[in-house]
Amino acid sequence: MTVEAHFGRDLALYTGARIALVAVVTAVLVLVKIPLLVGLAVAVVVAFPLSLVLFKGLNQRVTAGMAARGAERARLRAELRGDKES
């Protein structure tokens, strides 16, 4: 299977995992008696670097999928301009 075949699934999983991580960190902070909005703000800031570590493999798959889509788009644009021969 190609990288592009699973790009949509990987992107949805990665997005869902990051949102779930923010929710979990927020819930933990609220349980420690931190106000909800403050906990949410802290969770957003903390979840970004944490997600890069926890979801490294998924992040790499999404990045590879985005690169493949960009390369395909560039190839199609070049073909439309007539820069490449088929």
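For clarity, every value in this text was computed on a predicted model and none was experimentally measured. Throughout, residues of each chain are indexed from 1 in the direction in which the sequence is written. Residues qualify for local features only when their pLDDT is at least 70, as the model is predicted, and side-chain atom pairs are given and counted only at 80 or more; totals for whole chains, interfaces and linings, by contrast, use all residues. For side-chain calculations, the full set of non-hydrogen atoms in the structure is used, while hydrogens and water are omitted.

1. Notes on the overall build of the protein chain
- Going along the chain from the N terminus, every DSSP run of H or I of four or more residues is numbered as a helix, and every run of E of two or more is numbered as a strand. Within the protein chain one finds three helices and zero strands.
- Helices (α) and strands (β) of the protein chain occur, in sequence order from the N terminus, as α-α-α.
- This radius of gyration counts C-alpha atoms alone. The globule rule is 2.2 Å times how many residues there are, raised to the power 0.38. Taken against the 2.2 N^0.38 rule, which gives 12 Å for 86 residues, the C-alpha radius of gyration of the protein chain at 19 Å runs more than 25% over that of a compact globule.
- On the principal axes, the C-alpha backbone points of the protein chain span a range of 65 × 25 × 15 Å.
- The rule is simple: take the accessible area with a 1.4 Å probe, protein chains only, and divide by the maximum for that residue type; under 20% is buried, over 50% is exposed, in between is partly exposed. Here the protein chain, with 86 residues, has 20% of them falling under the buried criterion.

2. Quick notes on helix H1 (residues 7-31)
- To estimate the expected span of a helix, subtract one from its residue number and multiply by 1.5 Å. The end-to-end C-alpha distance of H1 is 36 Å, a good match for the 36 Å that 25 residues give at a rise of 1.5 Å each.
- Looking at H1, one finds that the buried residues are Phe7, Asp10, Tyr14, Ala17, Leu21, Val22, Val25, Thr26 and Leu29.
- Residue contacts follow a heavy-atom distance rule, with two residues in contact if any of their heavy atoms lie within 4.5 Å. Packing partners of the buried residues in H1 comprise helix H2 (36-54) and helix H3 (56-81).
- Of the residues one or two after H1, Lys33 is the one with positive phi, at around 70°.

3. Here we look at the nonpolar core
- Side-chain atoms within 4.5 Å are what join buried Ala, Val, Leu, Ile, Met, Phe, Trp, Tyr and Cys residues into a set we call a nonpolar core. Core analysis: the biggest nonpolar cluster contains six residues, these being Leu21, Val22, Val25, Leu29, Ala43 and Ala47.
- For this core, the element with the most residues is H1, which contributes four residues.

4. Some words on a nonpolar patch on the surface
- Residues enter a patch when their relative accessible area is above 30% and they make no salt bridge; the linking distance is 9 Å between like charges and 5 Å between nonpolar side chains (Val, Leu, Ile, Met, Phe, Trp, Tyr). For the accessible areas, the method is Shrake-Rupley and the probe is 1.4 Å, while residue cover comes only from the protein chains on display. The working definition used for a salt bridge is a side-chain nitrogen of Lys or Arg within 4 Å of a carboxyl oxygen of Asp or Glu. Together, Val38, Val42, Val46, Leu50 and Leu54 make up a nonpolar patch on the protein surface, roughly 370 Å² of accessible area in all.
- When its relative accessible area of 36% is taken as the criterion, Val46 is described as partly exposed.

5. As for the UniProt feature "transmembrane region" (unreviewed entry) in the protein chain
- UniProt positions are given in the numbering used here, feature names are shortened, and annotations may be inferred rather than shown by experiment. When the UniProt feature table is mapped onto this chain numbering, "transmembrane region" (unreviewed entry) sits at residues 12-31 and 37-55.
- Along residues 12-31 the backbone is 100% helical and 0% strand, and the end-to-end C-alpha distance reaches 28 Å.
- Split by type, residues 37-55 is 95% helix and 0% strand. Its first and last C-alpha atoms lie 25 Å apart.

6. With respect to the environment of Ala41
- If you trace the backbone, Ala41 turns up in helix H2.
- Since its relative accessible area comes to 44%, Ala41 is described here as partly exposed.
- Along the sequence, Ala41 and Thr26 sit 15 residues apart, while their C-alpha atoms lie 8.4 Å from each other.

7. A word on the pattern of salt bridges
- In the structure shown here, the tally under the stated rule is five salt bridges.
- In this structure, Asp83 engages Arg81 in a salt bridge whose closest nitrogen and oxygen atoms are separated by 2.8 Å. Note on accessibility: Asp83 and Arg81 belong to one class, exposed.
- One continuous salt-bridge network, built from bridges that share partners, spans Arg9, Asp10 and Arg61.

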